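# Tertiary structure, described
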Amino acid sequence: MKLLQVVGARPQFVKLAPVSRELARRRAVGSGFDEIIVHTGQHYDAGMSDVFFAELDIPPPTVNLGSGSGLHGAQTARMLEGIERVLIEQRPDVVVVYGDTNSTLAGALAATKLGIPVAHVEAGLRSFNRRMPEELNRVATDHLADLLLAPTAVAMAHLAREGLATRSRRVGDVMQDALQFHLEQARRESRMPGVLGVEPRRYLVATVHRAENTEPDALRRLLPLLAAVGTRALPLVLPLHPRTRAAIAAAGLTELAGPSVRFIDPLPYRDMLRLVEDAALVLTDSGGLQKEAFMLGTPCVTLRGETEWTETVEAGANVIAGLDPDLVLGAVEAFSAAPEALRDALRRAAAGTYGGGTAAARIVDALTQFIAELPSP
Ligand code: UD1
């Protein structure tokens with residue numbers, strides 16, 4: 001049986017790694033799938049891509065389509081064309097796509113048009129904000145795909161509401177698997193946070209890359225806000241996504257961030273885990289980082305008006321603040337001295353919510369069963 005995985009953007013490499021490892025483990029005992037990895041090339045900088053394949057021990061992509069950046073239509077079109085070509089050559093039994101990027105949508109659309117079954121990992125997430133490209137990608141991918149692998153009960157409920165219950169399985173979250181697999185090594189080997197000259201619990205971490213937050217007007221509100229949040233006592237470290245770096249430079253806004261904001265390059269996975277684990281607090285517009293903060297017991301302030309990961313809010317791990325200065329500063333004030341007992345409780349709650357590191361095994365089980373039940377051609 002041949003399984004073809006489509007990835008392209010940084011968070012997808014993290015999600016692919018545990019599934020790929022589980023497939024290799026089963027192949028070693030003579031069961032499971034042959035694996036083909038197609039990298040669309042959506043992320044191409046070494047620090048956004050190669051570093052993750054090396055660090056997470058993912059087999060090198062069988063094909064890299066080199067699709068690169070661009071307008072959504074043009075970027076997705078290049079991916080579609082490339083993926084379709086590979087699918088015709090390789091004729092896999094099933095295609096697996098991850099998350100909600102343009103690479104996800106292109107993989108699902110190319111495969112279903114060729115009659116090849118598609119499984120979607122991280123199915124059922126909804127922000128209900130149709131201005132987000134990711135929301136359109138998720139909804140379209142879920143309705144195209146044949147097997148919907150949902151991380152949480154909330155995601156399952158969304159799928160059921162859209163009439164997709166019979167195709168859905170709750171499997172847990174592969175990001176919990178990745179985190180549990182790498183955390184000990186990160187604690188032993190990463191030089192974060194000391195190498196940045198900051199001390200545990202005495203700094204904040206922020207990330208920003210969403211389209212809505214990297215428009216010049218949004219950056220004019222965001223950067224002074226981050227400057228107000230960071231202080232000499234609690235400096236703010238900001239690993240900069242290339243999109244954000246380019247947007248700040250193009251708008252000539254670098255100075256707005258002030259001296260308490262430390263811009264650094266994007267970090268490899270384990271360094272980021274350590275930086276977040278020791279932080280007093282995280283501020284982010286990333287979906288994955290809201291979850292990782294919860295899994296590590298670090299409180300989070302979300303710089304968006306809504307979240308797909310509502311369980312993080314219900315658990316008391318996350319506050320939705322958008323770019324509203326009162327909400328952001330209030331949440332930072334309330335959260336930044338969270339007691340260690342609360343952090344322990346959050347870590348345990350997250351492990352329970354996301355399947356405790358069993359998602360990859362459940363995904364491969366679900367794929368195996370799905371293929372076994374397909375009608376013969
Ligand atoms: C994409 C996903 C987003 C995900 C994010 C993770 C879509 C619609 N968005 O957003 O859901 O959270 O990945 O990082 O698919 N760039 C580089 N080097 C790179 C990659 C990007 O310089 O390796 C720059 C380019 O200027 C590019 C911009 O970043 O135009 C945006 O990249 P793009 O792939 O379009 O989307 P992301 O913002 O990374």
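Presented here is an overview of the structure given in this document.

Okay, the pattern of salt bridges next. With the rule as written, the count across this model stands at 25 salt bridges. The network of salt bridges with common partners includes D100, E135, R138, R304, E306 and E308.

Looking now at the nonpolar core. Among the nonpolar cores identified, the biggest contains 86 residues, and V95 and L367 are the most heavily contacted of them. Of all the elements, helix α15 (residues 359–373) adds the most residues to this core, at eight residues. Judged by nonpolar contacts, the second largest core, of 30 residues, contains L226, L236, L240 and L253.

This part takes up the site of the ligand. Close contacts around the ligand come from 19 residues, with Q42, H43, Y44, E134 and R243 the closest. The contact in question runs from an oxygen atom of the ligand to an N or O atom on the backbone of D45, over 2.9 Å. Between H209 and the ligand, the recorded distance is 2.9 Å, taken from a side-chain N or O atom to an oxygen atom. In the complex, the protein chains occlude 86% of the 750 Å² of accessible area that the ligand would expose alone. Contributing elements (two or more residues each) for the shell around the ligand: α3 (72–90) and α9 (242–251). Looking at the shell around the ligand residue by residue, the classes come out as five nonpolar, nine polar and five charged.

Relative to the helices and strands, D326 is located in helix α13 (residues 325–335). Note on D326: relative accessible area 66%, which makes it exposed. Sequence separation between D326 and A250 is 76 residues, and the spatial gap between their C-alpha atoms is 28 Å.

Each pair of packed helices gets described by two things: the angle between the helix axes and the distance between those axes. Two elements in contact, helix α1 (residues 10–28) and helix α7 (residues 174–189), have axes separated by 8 Å at closest approach and are oriented at 75°. In terms of their interaxial angle, α1 and α7 are classed as roughly perpendicular. Contact with α1, carried on its side by V14, K15, P18, V19 and R21, involves V174, M175, D177, A178, F181 and H182 of α7 and no other residues of that element. A per-class count over the contact of α1 with α7 returns seven nonpolar, one polar and three charged.

End to end, α15 covers 21 Å across 15 residues, agreeing with the expected 21 Å (1.5 Å per residue, within 8%). Listed in full, the buried residues belonging to α15 are A359, A360, I363, V364, A366, L367, F370 and I371. In an axial view of α15, the angular spread of the buried residues amounts to 160°, which keeps them on one side of the axis. What points out from α15, more than 90 degrees from its buried face, is the exposed set A372 and E373. Lining the buried residues of α15 we find β1 (2–7), α1, β4 (94–98), β5 (118–121), β6 (147–150) and α7.

The next point concerns the packing of aromatic side chains. Within this structure, the stated rule accounts for three aromatic pairs. Centre to centre, the rings of F13 and F53 are 5.0 Å apart; their planes meet at 55°, and the pair counts as tilted. Of this pair, F13 sits in helix α1 while F53 is found in helix α2 (residues 50–55), placing the two residues 40 residues apart along the sequence. As far as burial versus exposure is concerned, F13 and F53 are alike and both buried. Measuring from centroid to centroid gives 6.4 Å for W309 and Y354, while their planes differ by 75°, and the two rings are edge-to-face.

Conventions we followed
- Residues numbered from 1 in each chain as written.
- Predicted model: local features only at pLDDT ≥ 70, side-chain atom pairs only at ≥ 80, totals over all residues.
- Heavy atoms only, no water.
- Salt bridge = Lys/Arg side-chain N within 4 Å of Asp/Glu carboxyl O.
- Core = buried A, V, L, I, M, F, W, Y, C linked by side-chain atoms within 4.5 Å.
- Buried < 20%, exposed > 50% of the residue type's maximum accessible area, 1.4 Å probe, protein only.
- Helix = DSSP H or I, 4+ residues; strand = E, 2+ residues; numbered from the N terminus.
- Near = heavy atom within 4 Å.
- Polar contact = N/O pair within 3.5 Å; in protein donor to acceptor, adjacent residues only side chain to side chain.
- Areas by Shrake-Rupley, 256 points an atom, 1.4 Å probe, with all protein chains shown as cover.
- Nonpolar A, V, L, I, M, F, W, Y, C, P; charged D, E, K, R; others polar.
- Axes fitted to C-alpha atoms, helices over the stretch in contact; angles between N-to-C directions.
- Parallel < 35°, antiparallel > 145°, perpendicular 65-115°, else oblique.
- Contact = heavy atoms within 4.5 Å.
- Expected span 1.5 Å × (residues − 1).
- Arc of directions from axis to C-beta.
- Phe/Tyr/Trp six-rings, centres within 6.5 Å; stacked < 30°, edge-to-face > 60°.

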